Structures are given as C-alpha cells and as structure tokens.
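This is what each chain is made of:
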Amino acid sequence: MTTTTMNPVTVIPSGAALGADITGVDLSRPLTDEQVAAIIDAWHQHLVLRIRGQSLSDADLIRFSQHFGELDLAPISSSGKREIPEHPEIVVISNVKEDGRPIGSLGNAEAEWHTDMSYVERPPKMSCLYSLEVPEEGGNTSFLNMYTAYEALPDDLKLAIIGKRCKHDISRNSAGEIRKGFEAYANEPDPRKIPGTYHPLVCSHPKTGRQCLYLGRRGNAHIEGLGVEESEALLDQLWAYAIKLEFRWDQVWRVGDLILWDNRCTMHRRDAFDDSARRIMHRTQVKGETRPA
Ligand SMILES: O=C(O)CCC(=O)C(=O)O
Ligand SMILES: [Fe+2]
C-alpha cells in the first residue's frame, strides 16, 4: 500500500485488512478544516485510525471527538455512576482501584469481540480511546473489518441472513459482567427472554454505502424468528467467518496513543493483562444512527 501525504496530515496504512496511522497532528491544538477532512476521509477508508504521541486533557479528547459529531454520554458503569462527573461524555476503562474502589470499568479481564453499545437503538458511530497508562505486556486491542467479513461469506450464508435481525444483549458488558439492574437475567438460559435490541445482520454503511456483517456481540444473541438451536448454529457459522485473522489488525498500546474506530463496520476485543499492572484509558463515543439494512 502507498503512503499518502495530505499536507500536513500523513496517512500510513497498516497493511492489514484495516487500520492506519495518522502522523503530523497535535490534537491538543485546534485542527484546520483540511486536517479534519483528511482524518475523516482516512477514517472512512481504513475504519480504525491510530494517532500516537499525544498528550491530551479530557477537554482535548472531547474537542477532537466532536469533529465527528455530537457525543453520546458515557453509559452508566457497573458501579451505577459516571466516572468523571465534570465530563459525563468520558468513559474510564481501567483496572485501577482507589480506596478499594474501581476508577473505571472492564477491570483486567479479556473483553470479548463486540461493537460498542450495540444493545441500544442507535449505537455510537465512532469510539475514540486514549491511553494514559498501559501495562508492559497484555491488554492489546484487536479490530476486525466487518465489510470484508461480509464479502467473504459463502453465498448460502449470505442468503440465510439477508433481511434477518439479531438481538444484541444488554444484560452483560463485554467482559461478561452482569450490568446493574439486570441481575435477574444472570442465570436465564433462553436468549429470547433476555433484554436487548434487534438490528439487521447485514447493514449498509450510511457514508460508504458498503454492506457489512453486524454481529455486535455473541453472548445471548438471537436471530429473530428462529428457534434457539437454529439461531445458535447460524450464529456459530457467522462468527467462525468473522473472526478470521485475515480481517484483523492488532493494536499494541503505548502511552499517548489515540485510537478511533468506526463502530458500524468493525468489531474489537481486548486481551487480559496482569492485574498488578496499571492500565487507564479514557474513551468518548459519537452519536450514531439507527442501523439501516
Ligand atoms: O480496553 C480496551 O482496549 C478496549 C475496551 C473496549 O472495548 C472499549 O473501549 O470499547
Ligand atoms: Fe468496546
């Protein structure tokens, strides 16, 4: 792949199925309209962007994220509160505890493949994750290109899912923890009875027009209109295609990395890491639209 320079923003594709580095920008300062346009174009083309070596306050992170649209407020964490009351847009992802209480969510556990907040009617179109502290090992975040995952499906699988909707479970977060208020579903075996939101399994991207597979999350998913066994079998086949290495790019974090991803056409997961290490990330999310078939 070629490196393109759009003065003064440089886009360096990862060479994998998705992902590119952006260099030549300091996000603690206002960007020019040309820089913003170049970053948004690169984002549509590469789905996940990484901008390294940043030193950002929460206000800087919020200002940069707002170039992509209005921000969603952070979901209420498992503690039942927002972590940074003066910036309700910021989600803290961390294993660190202060006075015995977690300062953020997800702890040090693996986060399973998902897209953010797909359990709501209008999931965010973008998430932006900025690293303040990272462990020496582990805690890497991987991304999947769901356009290429869809395109690679055999025709019979494409036919089996066209026009169908799938439920995205709201009762658990991506680390598998039950969310506050959903404790009653902790042992419910029937995915049809667990609350969530139905979205089309094949969605078209509102900007690029390309079709992608929209799986969102595996836990308690259910394909509308199918029996549980039939739905599980079809989901297993779809997931087996989606998580192939050829559709994937891995981020190994450094302090000061900002990663932004298109939440409509990618999925991500995170490796576990040793809980004696500290990892602190601040995240914003940009309001999205209803997922169109
Ligand atoms: O901790 C990470 O690297 C990713 C966590 C996550 O799923 C997110 O921020 O949306
Ligand atoms: Fe996530």
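Residues numbered from 1 in each chain as written. Chains lettered and ligands numbered in written order. Predicted model: local features only at pLDDT ≥ 70, side-chain atom pairs only at ≥ 80, totals over all residues. Heavy atoms only, no water.

As recorded by an unreviewed UniProt entry, the chain carries the name TauD/TfdA family dioxygenase and is attributed to Billgrantia desiderata. Under Sequence similarities (unreviewed entry), UniProt gives the following word-for-word description of the chain: "Belongs to the TfdA dioxygenase family." (UniProt positions renumbered as here; feature names shortened; annotations may be inferred.)

All right, on to helix α1 (residues 33-46) then. The end-to-end C-alpha distance of α1, which contains 14 residues, comes to 20 Å, matching closely the 20 Å that a straight helix rising 1.5 Å per residue would cover. When α1 is considered as a whole, its buried residues turn out to be Gln35, Val36, Ala38, Ile39, Ala42, Trp43, His44 and His46. (Helix = DSSP H or I, 4+ residues; strand = E, 2+ residues; numbered from the N terminus. Expected span 1.5 Å × (residues − 1). Buried < 20%, exposed > 50% of the residue type's maximum accessible area, 1.4 Å probe, protein only.)

A few words now on the coordination of the iron ion (ligand 2). Coordination of the iron ion (ligand 2) by the protein is provided by His114 (NE2), Asp116 (OD) and His268 (NE2), with metal-donor distances spanning 2.1 Å. Of note, the iron ion (ligand 2) draws all its donor residues from one chain, in the sequence arrangement H-x1-D-x151-H. A single burial state applies to His114 and to Asp116, both of which are buried. (Donors = N, O, S within 2.8 Å, 3.2 Å for Na, K, Ca; no water.)

Right, let's get into the site of ligand 1. If you check the shell around ligand 1, you find Ile93, Leu106, His114, Asp116, Leu129, Thr141, Trp261, His268, Arg270, Arg279 and Arg283 and nothing else. In the model, an oxygen atom of ligand 1 is placed 3.0 Å from a nitrogen or oxygen of the His114 side chain. At a separation of 2.8 Å, an oxygen atom of ligand 1 approaches a polar side-chain atom of Arg283. Split into classes, the residues belonging to the shell around ligand 1 amount to four nonpolar, three polar and four charged. (Near = heavy atom within 4 Å. Polar contact = N/O pair within 3.5 Å; in protein donor to acceptor, adjacent residues only side chain to side chain. Nonpolar A, V, L, I, M, F, W, Y, C, P; charged D, E, K, R; others polar.)

By size, the foremost hydrophobic cluster in this structure holds 43 residues, and its most contacted members are Val48, Met146, Ile161, Leu213, Leu215, Leu238 and Met267. A total of five residues in this core trace back to one element, the largest contributor, which is helix α5 (residues 228-242). Setting aside residues up to four positions removed in sequence, Leu215 forms contacts with Met146, His168, Leu201, Leu238, Trp239, Ala242 and Met267. If you look at the next biggest cluster of nonpolar residues, it comprises 31 residues, including Val25, Leu27, Phe68 and Leu71. (Core = buried A, V, L, I, M, F, W, Y, C linked by side-chain atoms within 4.5 Å. Contact = heavy atoms within 4.5 Å.)

What follows concerns the pairing of strand β4 (residues 48-51). In β4, alternate side chains face the same way, and those of Val48 and Arg50 on one face and Leu49 and Ile51 on the other are all buried. Where strand β3 (residues 20-23) lies against β4, two bridges are found, and the strand directions are parallel. Counterpart to Asp21 in the pairing with β4 is Arg50. In terms of strand pairing, β4 meets strand β18 (residues 258-262) through four bridges, oriented antiparallel. Among the inter-strand pairings, Ile51 is bridged to a residue of β18, identified as Leu258. (Pairing = 2+ DSSP bridges.)

Below, the discussion takes up the side chain of Gln251. Tracing the backbone through its elements, the reader meets Gln251 in strand β17 (residues 248-251). A polar contact of 2.9 Å, which involves the side chain of Gln251, links it to the side chain of Asp257. What Gln251 contacts, discounting residues up to four positions off in sequence, is Arg50, Arg52, Asn140, Thr141, Phe143, Asp257 and Ile259.

Taken over all residues, the pLDDT of the chain has a mean of 94, while the share at 70 or more is 96%. Both scores are available for the predicted complex, with the pTM at 0.94 and the ipTM at 0.99. (pLDDT = per-residue confidence, 0-100.)

Negative charge collects at one region of the surface, where Glu136, Glu137, Asp274 and Asp275 lie side by side. Examined against the element boundaries, Asp274 turns out to sit in the loop between β19 (266-270) and β20 (280-286). (Patch = residues over 30% accessible without salt bridge, like charges linked within 9 Å, V, L, I, M, F, W, Y side chains within 5 Å. Areas by Shrake-Rupley, 256 points an atom, 1.4 Å probe, with all protein chains shown as cover. Salt bridge = Lys/Arg side-chain N within 4 Å of Asp/Glu carboxyl O. Lys, Arg positive; Asp, Glu negative; His and termini not counted. Charge placed at Lys NZ, Arg CZ, Asp CG, Glu CD.)

Strand order across the open sheet formed by four strands is β9-β19-β11-β17, with antiparallel pairing between neighbours. Edge strands, defined here as strands with exactly one partner in the open sheet, are β9 (111-114) and β17. Neighbour to neighbour, the strand axes of the sheet diverge by 15° on average, direction disregarded. Pairing of strand β11 (residues 141-145) with β19, which is carried by five bridges, proceeds in the antiparallel orientation. Residue pairing across strands places Ser142 opposite Arg269, the latter belonging to β19. (Axes fitted to C-alpha atoms, helices over the stretch in contact; angles between N-to-C directions.)

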